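# Coordinates in review
Each chain is listed here by its residues.
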Protein chains: 2
Amino acid sequence: MTRKTNFGAGPATLPAEVLQQLSAAMLSYGHTGLPLPELEHRGAPFAAILEECNALLRELCDIDNDYEVLWLHGGGRQQFCMVPQNFLTPHTTAAYIDSGYWAREAMQYAAYYGQSVTVASSADTAYDRLPEWPATLPLNTAYLHLTTNNTIYGTQWHTLPAATAPLVADMSSDILSRHHNYRQYALFYAAAQKNLGLPGVAVAVIHCDMLARANRNVPPLLSYAAQAREKSVVNTANVMGVYASLLMLRWTKERGIDAIEAENAQKAELLYNHLASSKLFQTRVAVAAHRSLMNVCFSATDTRHEKALLQLCEEHNMTGIKGHRSTGGFRVSLYNAVRLPDVQRLVTLMQQYEDSVQE
Amino acid sequence: MTRKTNFGAGPATLPAEVLQQLSAAMLSYGHTGLPLPELEHRGAPFAAILEECNALLRELCDIDNDYEVLWLHGGGRQQFCMVPQNFLTPHTTAAYIDSGYWAREAMQYAAYYGQSVTVASSADTAYDRLPEWPATLPLNTAYLHLTTNNTIYGTQWHTLPAATAPLVADMSSDILSRHHNYRQYALFYAAAQKNLGLPGVAVAVIHCDMLARANRNVPPLLSYAAQAREKSVVNTANVMGVYASLLMLRWTKERGIDAIEAENAQKAELLYNHLASSKLFQTRVAVAAHRSLMNVCFSATDTRHEKALLQLCEEHNMTGIKGHRSTGGFRVSLYNAVRLPDVQRLVTLMQQYEDSVQE
């Protein structure tokens, strides 16, 4: 079976060399005499995996030991629960910036745990841009939550104004995709299945000042403080998943954030430039400065073209470009493991289709 | 590197053929043109995996469609949270049978969500037997929770008296290990990493009458009702982990519960018989009828023998027999994928050691 090029939003494509290493590790891991999935989660080989993960993530994000790095079960939604459960109190409010589907989900999850409010939203323009940064926040704001990249609507925060409350960022879809000031966050988290590995693992990175404010009355599994004390193994870890993250971190370091950032910009530019000149397809994002470099979302002027392009891509072994079920249209995800030649082939195919239609 | 025989309590050993299939799937899954980890969690190939998992689990547990089968993130502790969060109310009490470490943990987790009480315990004899079955329960009991097999203390409920409250069972370490009346439970759950696959996945099986009583005000990720509505994909599933469970279910069906039960009994008998005749090692469990067929826990009369046997086993490529950090001594886990010849080799080695010492 020919390997398809996967532009899917997640679970996202992984580098061939990472898959090869995972495949080999399923049978035997290093000198342990055991396959990777059988490694004892409190034993030395897995402790070494966790330590290297922590060191690489700190290095690649340029943060120090005043941030705790935690490797946890589940994905972004588990963090949607843990953030308010750990930081909301009966006397505080969680402030959320509503930049689209995931940002809104995060806010709605917080409402199960206490008071949460939307302090900025671009819902009134169907999320075709980022919201205005909030001018004020409630006085009792526990934290201000944002989603740095909006996979479904194709917008991304490229720079952030200052905030008066601790910033909490869901970076599931753009962590390690560029140089970024991670130090502006009290907490940032990411589901692993885009730039960091497999579904079933999330990383949460918390500044010690924030951690010191965490609620005490939280079950240990869901407590950032307990997970920090227990070095991410309050319970049996997702050994496979954490190791996949390690392989992705090594791969990221080997390429370097400089090169990754440059290639990500090139990939996005190629696609946005094509859309700008296209008569059949147009980007959904109204404000150019808000466009995502990770997920390029666009729609067809005619549903006929939508169906035709989707089919053409499948015929050419490209998959995952269908838009989210809530928006329709197209979504081309350009995570780190999607490479420039992949995008060049896609754009060439789109151009050929347009030429054939206009003839 | 020689493959070690792994008697570890979890992550537990997996059959070689399952590991081979997982290893191959990391590179390419069926006719999808994608590696397994890239399968879209809402796409047809993964839906087929989930459906086959559900059908096989129902068949092997001999339960009907009036039970929902859910494949969830995390392990047993996530269920320690979800059970009370979904079923405890301000007016009800959760009753827990304290048969050891995990049973107690489950009860302590419930206390974060409401009122939980211990209705039976064998703590006073250091868990060397199962507790007496509770004669009475609080009138407002929401459910009665038990741990069917106690990995750390080596005890197991082989039959259960009737209960006046809905029974909830943590079956993490003995699910599918024998013929069993699963229909007596309103809910049973298991972390996958023993008889069902990899860490990072748990299965929860809930009778529809119980599900109808679930609390409504629970975040969808942690709500059994929402997970049932969404067929286990409220969020991005642990695609790898669920597929590993499918492979384990197929492997279990191919062997058959009859054969598995018979071999599990043989394995345990071999080890318990050896311990009964041993002058150096003795079982920790006082009541023979309470002994676990899954985890045989024993201690040495002299710490000298403890160290020597641990070392001897490592020299002979057997690992994972060290007891839990809370008890010390030995714990030999005999999950389904540990085979009779493995146990025969271990017992032979123990006998050789005893002979050498007594000479």
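Residues numbered from 1 in each chain as written. Chains lettered and ligands numbered in written order. Predicted model: local features only at pLDDT ≥ 70, side-chain atom pairs only at ≥ 80, totals over all residues. Heavy atoms only, no water.

### Things to note about helix α4 (residues 101-110) of chain B
Residues and elements named next belong to chain B. Of all ten residues in α4, seven are buried; the element is thus mostly enclosed. Regarding α4, the residues found buried are Tyr101, Ala103, Glu105, Ala106, Met107, Tyr109 and Ala110. Those residues of α4 that are buried are in contact with α3 (76-87), β3 (93-98), β4 (115-121) and β5 (141-147). (Buried < 20%, exposed > 50% of the residue type's maximum accessible area, 1.4 Å probe, protein only. Helix = DSSP H or I, 4+ residues; strand = E, 2+ residues; numbered from the N terminus. Contact = heavy atoms within 4.5 Å.)

### Here we look at the domain arrangement of chain A
Residues and elements named next belong to chain A. Domain boundaries assigned for chain A yield domain 1 (16-255) and domain 2 (257-358). The C-alpha centroid of domain 2 is placed 27 Å from the C-alpha centroid of domain 1. Counting residues at the interface gives 24 residues for domain 1, matched by 29 residues for domain 2. Taken together, the two surfaces of domain 1 and domain 2 that pack against each other cover about 2400 Å², and 54% of this comes from carbon and sulfur. Per-residue buried area on domain 1 facing domain 2 is highest for Ile152, His179 and Arg255; these three make up 27% of the total on that side. (Domains from an automatic or database assignment. Buried area = accessible area lost by both parts, 1.4 Å probe.)

### Things to note about unusual backbone geometry
For the bond running from Gly10(A) to Pro11(A), omega is 0 degrees, close enough to zero to count as cis. Note on placement: Pro11(A) falls in the loop between β1 (5-6) and α1 (16-25). Positioned with a positive phi, Ser232(A) is a non-glycine residue whose angle comes to about 70 degrees. Positive phi values are uncommon outside glycine, yet Asn317(B) reaches one of about 60 degrees. As for its position among the elements, Asn317(B) is in the loop between α9 (303-315) and β13 (318-319). Looking at Asn317(B), the relative accessible area reads 25%, which means it is partly exposed.

### Focus on the interface of chain A and chain B
Contact with chain A, which involves 58 residues of that partner, is made by 58 residues of chain B. For the pair chain A and chain B, the summed buried area comes to about 4500 Å², and 60% of that belongs to carbon and sulfur atoms. When the buried surface of chain A facing chain B is broken down by residue, Met26(A), Glu38(A) and Tyr112(A) rank first, second and third, together holding 13% of it. Summed over the shared surface of chain A and chain B, the number is two salt bridges. A salt bridge links Arg3(B) to Glu38(A), with the nearest nitrogen and oxygen atoms 2.7 Å apart. Counting across the chain A and chain B interface gives 20 residue pairs in polar contact (both at pLDDT 80 or more). Counting only elements with at least two residues in the side of chain A that touches chain B, the list comes to α1, α3 (76-87) and α7 (239-255) of chain A. (Salt bridge = Lys/Arg side-chain N within 4 Å of Asp/Glu carboxyl O. Polar contact = N/O pair within 3.5 Å; in protein donor to acceptor, adjacent residues only side chain to side chain.)

### Comments concerning the pairing of strand β12 (residues 295-300) of chain A
Residues and elements named next belong to chain A. Most of β12 sits out of view: six of its six residues are buried. Across the two faces of β12 the burial is the same, with Asn295, Cys297 and Ser299 and Val296, Phe298 and Ala300 all buried. Bridging between strand β11 (residues 281-283) and β12 involves three bridges; their strand directions are antiparallel. Its bridge partner being in β12, Gln282 is matched across the sheet by Ser299. Bridging between β12 and strand β14 (residues 330-333) involves four bridges; their strand directions are antiparallel. Residue Phe298 lies in a different strand from β14, and its bridge partner there is Phe330. (Pairing = 2+ DSSP bridges.)

### Looking at the packing of aromatic side chains
Tallied over the entire structure, the rule returns 32 aromatic pairs over all chains. For the pair Tyr96(A) and Tyr143(A), a centre-to-centre distance of 5.8 Å together with 75 degrees between the ring planes defines the contact as edge-to-face. Residue Tyr96(A) is found in strand β3 (residues 93-98), and its partner Tyr143(A) is found in strand β5 (residues 141-147); the two are separated by 47 residues along the sequence. Overall, the relative accessible area of 2% leaves Tyr96(A) in the buried class. Aromatic pair Trp133(B) and Trp157(B): ring centres 5.3 Å apart, planes at 80 degrees, arrangement edge-to-face. Highlighted residues: Trp133(B) in the loop between β4 and β5 and Trp157(B) in the loop between β7 (155-156) and β8 (167-170), separated in sequence by 24 residues. For Trp133(B), a relative accessible area of 17% puts it in the buried group. (Phe/Tyr/Trp six-rings, centres within 6.5 Å; stacked < 30°, edge-to-face > 60°.)

### Digging into the pattern of salt bridges
Residues and elements named next belong to chain B. With the rule as written, the count across this model stands at 26 salt bridges over all chains. Two residues, Glu314 and Lys4, come together in a salt bridge whose shortest N-O distance is 3.7 Å. Taken as a pair, Glu314 in helix α9 and Lys4 in the segment before β1 (5-6) lie far apart in primary sequence, 310 residues in all.

### Quick notes on the packing of helix α9 (residues 303-315) of chain A against helix α10 (residues 340-358) of chain A
Residues and elements named next belong to chain A. Where α9 meets α10, the axes come as close as 11 Å, and the angle between the chain directions of the two elements is 135 degrees. By the angle between their directions, the pair α9 and α10 is classed as oblique. Between α9 and α10 the crossing geometry is right-handed. Residues Arg304, His305, Ala308, Leu309, Leu312 and Cys313 of α9 touch α10, and the partners they reach there are Leu346, Leu349, Met350, Tyr353 and Val357. Looking at the contact of α9 with α10 residue by residue, the classes come out as nine nonpolar, one polar and one charged. (Axes fitted to C-alpha atoms, helices over the stretch in contact; angles between N-to-C directions. Parallel < 35°, antiparallel > 145°, perpendicular 65-115°, else oblique. Left-handed = near helix turned anticlockwise from the far one by under 90°. Nonpolar A, V, L, I, M, F, W, Y, C, P; charged D, E, K, R; others polar.)

### Section: the relation of the copies chain A and chain B
Expressed as a screw transformation, the operator carrying chain A onto chain B has a rotation angle of 180 degrees and an axial translation of 0.0 Å, and the superposed copies differ by an RMSD of 0.0 Å. Here the transformation between the copies is reduced to the relation of a two-fold axis. Minimal C-alpha distance to the rotation axis in chain A is attained by Ser23(A), lying at 2.2 Å. Same-surface contact between copies: 100% of interface residues of chain A are shared with the interface of chain B. (Least-squares fit on C-alpha atoms with pLDDT ≥ 70 in both.)

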